[in-house]
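For reference, the chains in residue letters:
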2 protein chains.
Amino acid sequence: MNEKQEAKTKPAMWENSRFKNWVAVARACHLVQQELARQLRPLDLKTPHLDIMVNLVRSAGISQQDLARKLFVGRSNMTMLLPQLEKRGLVERRADPADKRVLRLYLTAEGRALADRAIVIQAAIIDDMMSATTPEECEMVGDAMRRIVARLLEMQSAAEETESE
Amino acid sequence: MNEKQEAKTKPAMWENSRFKNWVAVARACHLVQQELARQLRPLDLKTPHLDIMVNLVRSAGISQQDLARKLFVGRSNMTMLLPQLEKRGLVERRADPADKRVLRLYLTAEGRALADRAIVIQAAIIDDMMSATTPEECEMVGDAMRRIVARLLEMQSAAEETESE
DNA sequence: ACTATTCTGTTCAATATTGAACATAAAGGA
DNA sequence: TCCTTTATGTTCAATATTGAACAGAATAGT
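Quick caveat, the model's predicted, so the values are computed rather than measured.

Student: Give a detailed account of the interface of chain B and chain A, specifying residues and quantitative values.
Tutor: Many analyses report the size of an interface as the accessible area lost when the parts associate. Contacts between the two partners involve 66 residues from chain B, matched on the other side by 66 residues from chain A. At the boundary of chain B with chain A, total buried surface from both sides reaches about 6500 Å², with 69% on carbon and sulfur atoms. Inspection of the chain B/chain A interface yields six salt bridges. Across the pair R18(A) and D127(B) runs a salt bridge, and its minimum N-O distance is 3.3 Å. Taken together, the connections running from chain B to chain A amount to 21 residue pairs in polar contact (both at pLDDT 80 or more). Counting residues per element, the ones that place at least two in the side of chain B that touches chain A are α1 (2-9), α2 (17-40), α3 (47-58), α4 (64-71), α6 (109-130) and α7 (135-164) of chain B. Per-element tally for the side of chain B that touches chain A: the top contributor is α2(B), with 19 residues. Grouping the constituent residues of the side of chain B that touches chain A by class yields 35 nonpolar, 13 polar and 18 charged.

Right, dumping it as structure tokens:
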């Protein structure tokens, strides 16, 4: 009831606690990205590159498509970014003999070494800022976010179905 | 083989609960942005435009610089985006008579009307996904995030000082 | 009053990201 | 087998974002 009223009446949107609290989440995300970008500058890495490399550490041999899906970005984005990393000798793309369409991705030794250094930096930032929470809070935030992600993925699938119809 | 190497070199960064939980936060933010962008498409609005207009609803007459600071983006970003909104007749930029450097920003009636429609959409998404949390959780997430933001702003100021020195 | 410094907004080049259209490879159905 | 559909990666144009360098206006120190 309260929520429905708020949704209709314009002025009190900022006192909607869900709205207000989410704004804080978005702000935090934005600032983390900026801080990470700043600290990665000496390594000549941008955050999207790090995202890719982090995933390759865990999922060597993944295809570009699957990597894009994991990162929630478009395939074309991978097509743009991966050749850069390949030219720097950080990533290797090997054709899959079984399916000639797919390119399988691997970190080189150099890529792995750089990824390790970058991950240390990223973990340090996260560790620092998350020390503003108690372990219980941190866990609860994570749980809540995983449920929210699940809900958003539902919305996403629903939208895709509606669109294809 | 590959997995054993991982376990040795990196003592499982992925099991660091702070890291893991933050990943969920980042994923949620990313997906919200996408869902919002999709639902704003019919209004021909992008999320950065909405961010600007939302802030102008609350802070009419703000300067470009102050707006950029509120949004944690560069001044040049405002210089790029605002003329677009001005040409569409959604935003007005008036020179400040007291200080000839600054441009003060206002929503037009049309801009206000469009902002209202967009805000309803945004609030609906947030309301939907945050319904995956209890009110207590939602409040706790907000509190934790505000502390994290404060910590990140400290890091930011520290970095700026170090740089200027 | 004058100079140096700071502040506001702009320009510009570089990069990230997206969606649509495309080409090729694989899979499925008749 | 042949045709249709689906999947993977690429190309391309459009847009967002940034940081550095800049011009003009205001401020402070002298």
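Student: I'd like to hear about the confidence of the model for chain A, residue by residue, with values.
Tutor: The predicted model of chain A averages 89 in pLDDT, with 88% of residues at 70 or higher. This model gives residues 1-10 of chain A a pLDDT under 50, and the stretch forms seven contacts once residues within four places in sequence are excluded.

Student: Quick rundown of the protein's contact with DNA strand C? Include the residues and the values.
Tutor: Around DNA strand C, 27 residues are found, and the nearest of them are K100(A), Q64(B), Q65(B), R101(B) and L103(B). The protein-proximal atoms of DNA strand C, defined as those within 4 Å of the protein, are 66% sugar or phosphate. Q84(A) is positioned with one of its side-chain polar atoms (N or O) 3.1 Å from a phosphate oxygen of DNA strand C. Only α3 (47-58) and α5 (75-87) of chain A together with α4 and α5 (75-87) of chain B provide two or more residues apiece to the surface near DNA strand C. Looking at the surface near DNA strand C element by element, the count peaks at five residues for α5(A). Residues that form the surface near DNA strand C fall into these classes: eight nonpolar, eleven polar and eight charged.

Student: Which residues make up the side chain of S59(B), and what values go with them?
Tutor: Mapped onto the elements, S59(B) comes out in the loop between α3 and β1 (62-63). A distance of 2.9 Å separates the side chain of S59(B) from the side chain of K70(B), its partner in a polar contact.

Student: Before we move on, could you go through the relation of the copies chain B and chain A and cite the residues and values that matter?
Tutor: Superposing chain B onto chain A requires a rotation of 180 degrees together with a translation of 0.0 Å along the rotation axis, leaving an RMSD of 0.0 Å. Between the two chains, the operation in question is that of a two-fold axis. When each C-alpha of chain B is compared by its distance to the rotation axis, V141(B) comes out closest, at 2.9 Å. Mapped onto chain A, 95% of the interface residues of chain B are again interface residues, and the two copies thus contact each other with one and the same surface.

Parameters and conventions
Residues numbered from 1 in each chain as written. Chains lettered and ligands numbered in written order. Predicted model: local features only at pLDDT ≥ 70, side-chain atom pairs only at ≥ 80, totals over all residues. Heavy atoms only, no water. Contact = heavy atoms within 4.5 Å. Buried area = accessible area lost by both parts, 1.4 Å probe. Salt bridge = Lys/Arg side-chain N within 4 Å of Asp/Glu carboxyl O. Polar contact = N/O pair within 3.5 Å; in protein donor to acceptor, adjacent residues only side chain to side chain. Helix = DSSP H or I, 4+ residues; strand = E, 2+ residues; numbered from the N terminus. Nonpolar A, V, L, I, M, F, W, Y, C, P; charged D, E, K, R; others polar. pLDDT = per-residue confidence, 0-100. Near = heavy atom within 4 Å. Least-squares fit on C-alpha atoms with pLDDT ≥ 70 in both.

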